[in-house]
Amino acid sequence: MKNGYLLFLTAASLLLFSCKKKDKLSMKGALVFYETQCSDPWRGEVTAPGTEGFVQNLELWLEKETGAAIDNIKRIPPRSNLIVCDACTCSSGYKLLIWPAPGSEQPFIDLGFSKPQ
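1. Observations regarding the packing of aromatic side chains
Remark: the centre distance and the inter-plane angle together describe each pair of aromatic rings, the angle taken between the planes.
Then, in step 1: Taken as a whole and judged by the stated rule, the model has five aromatic pairs.
Then, in step 2: Plain terms: the ring middles of F33 and F113 are 5.2 Å apart, the flat faces sit at 50° to each other, and that makes the pair tilted. Highlighted residues: F33 in strand 1 (residues 31-36) and F113 in the segment after helix 3 (106-110), separated in sequence by 80 residues. Accessibility assignment for this pair places F33 and F113 in one class, buried.
Then, in step 3: Ring centres 6.1 Å apart and planes at 70° place the aromatic pair W42 and W61 in the edge-to-face group. On the criterion of sequence distance, the pair formed by W42 in the loop between strand 1 and helix 2 (54-66) and W61 in helix 2 is long-range, its members being 19 residues apart. Exposure class is identical for W42 and W61. Each is buried.
Then, in step 4: Aromatic rings pair up to connect F33, W42, W61, F108 and F113 into one cluster.

2. Some details on the environment of P41
Then, in step 1: You can see P41 is positioned in the loop between strand 1 and helix 2.
Then, in step 2: When the C-alpha atoms of P41 and L111 are compared, they prove to be 6.9 Å apart, with 70 residues separating the residues in sequence.
Then, in step 3: With sequence-adjacent residues up to four places away left out, P41 is seen in contact with F33, W61 and L111.

3. A few points about the nonpolar core
Then, in step 1: Counting 16 residues, the largest nonpolar core has W42, L58, W61, L62, I98, F108 and F113 as its most contacted members.
Then, in step 2: When residues of this core are traced back to their parent elements, those giving at least two are strand 1, helix 2, strand 2 (70-76) and strand 3 (91-100).
Then, in step 3: By residue number, the principal contributor to this core is helix 2, which donates four residues.
Then, in step 4: Contact partners of I98, with chain neighbours within four places excluded, come to G29, A30, L31, L62, I70, N72, I73, F108 and F113.

4. Some thoughts on the pattern of salt bridges
Then, in step 1: Under the criterion given, the structure shown has one salt bridge.
Then, in step 2: Ionic pairing is found between E35 and R75, a salt bridge with its closest N-O pair at 2.7 Å. Here E35 is found in strand 1, whereas its partner R75 is found in strand 2, with 40 residues between them in sequence.
Then, in step 3: Judged by relative accessible area, R75 falls into the partly exposed class, the value being 22%.

Calculation criteria
Residues numbered from 1 in each chain as written. Predicted model: local features only at pLDDT ≥ 70, side-chain atom pairs only at ≥ 80, totals over all residues. Heavy atoms only, no water. Phe/Tyr/Trp six-rings, centres within 6.5 Å; stacked < 30°, edge-to-face > 60°. Helix = DSSP H or I, 4+ residues; strand = E, 2+ residues; numbered from the N terminus. Buried < 20%, exposed > 50% of the residue type's maximum accessible area, 1.4 Å probe, protein only. Contact = heavy atoms within 4.5 Å. Core = buried A, V, L, I, M, F, W, Y, C linked by side-chain atoms within 4.5 Å. Salt bridge = Lys/Arg side-chain N within 4 Å of Asp/Glu carboxyl O.

Okay, structure coming up:
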């Protein structure tokens, strides 16, 4: 019984550590864009941020604009204590992460995306 319990704990620990490592590696190949209040390149061509379908419409627009596929896209909300300004070029606090197909990063960089720090 004791050996079975130790085996279970060992397996659970290995799974826990492997999941953390996988999360850490998930930023590999990602590009980031810090959304602005109103000066993003897709402004007026994609439904407003925060509306239903924004992320899907943005992905389609980016793929059309760059001619490159996106493997994954995520929109991350700001921290709750973030202070922002209302000027058009100021950050809204939202961050977009995209994972373009390998070798197709440059058109996205030309649109204002950058490699995460």
